[in-house]
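Here is how the chains run, residue by residue.
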Amino acid sequence: MVKKIFSIALFLFCTSTVYSQFNLNNVSLELNYGYNGAIQPYNKQFNSNFSGFNHFEVGLRYMFTEYVGTKLIFKSDKFVNDPGGVIGIQYNSIGASFVYNAGKKIGLLI
């Protein structure tokens, strides 16, 4: 149990994301790059945990007003077996979401 808790804490501590944002009035372009990880290998015969800096995300956000907007997102995650690099999976996702700027509404942001 302690080993699992330590592993989860170490994973959360080591998770790193590089984030950048370009603001053009109401339109924002967001880029994310970071760490993704599998909790457990698919099978005990694999020596890898399929973890690494293999997460990439691009988002385009348009704010209709100062508080309300929408966002289109493309995400890509890759899980590959380290010893050979042959076994693995590429996960791609496209989505849209509603955005509400709660921080600005309650005065957290300037």
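Our subject is the structure that appears above.
Residues numbered from 1 in each chain as written. Predicted model: local features only at pLDDT ≥ 70, side-chain atom pairs only at ≥ 80, totals over all residues. Heavy atoms only, no water.

A. Molecular detail of a nonpolar patch on the surface. A cluster of nonpolar side chains, Val27, Leu29, Leu60, Tyr62, Phe64 and Leu72, forms an exposed patch at the surface whose accessible area comes to about 540 Å². Broken down by secondary-structure element, the contributors of at least two residues to the nonpolar patch are β2 (27-36) and β3 (52-63). (Patch = residues over 30% accessible without salt bridge, like charges linked within 9 Å, V, L, I, M, F, W, Y side chains within 5 Å. Areas by Shrake-Rupley, 256 points an atom, 1.4 Å probe, with all protein chains shown as cover. Salt bridge = Lys/Arg side-chain N within 4 Å of Asp/Glu carboxyl O. Helix = DSSP H or I, 4+ residues; strand = E, 2+ residues; numbered from the N terminus.)

B. Structural context of the pattern of salt bridges. Scanning the entire structure with this criterion turns up two salt bridges. Here lysine 71 ties to glutamate 30 by a salt bridge, and the two come within 2.7 Å at their closest N and O atoms. Of this pair, lysine 71 sits in strand β4 (residues 68-80) while glutamate 30 sits in strand β2, and the two are 41 residues apart along the sequence. In this structure, lysine 71 and glutamate 30 share a single accessibility class: buried. Through salt bridges that share partners, Glu30, Arg61 and Lys71 make up one connected network. (Buried < 20%, exposed > 50% of the residue type's maximum accessible area, 1.4 Å probe, protein only.)

C. Looking closely at the packing of aromatic side chains. Going through the model one piece at a time under the given rule, you end up with three aromatic pairs. Look at tyrosine 33 and phenylalanine 53: their rings are 6.4 Å apart centre to centre, the planes differ by 20 degrees, and that puts the pair in the stacked class. Of this pair, tyrosine 33 sits in strand β2 while phenylalanine 53 sits in strand β3, and the two are 20 residues apart along the sequence. Judged by its relative accessible area of 41%, phenylalanine 53 falls in the partly exposed class. Linked through ring pairs, Tyr33, Tyr35 and Phe53 together constitute an aromatic cluster. (Phe/Tyr/Trp six-rings, centres within 6.5 Å; stacked < 30°, edge-to-face > 60°.)

Keep in mind these values describe shape, not function.
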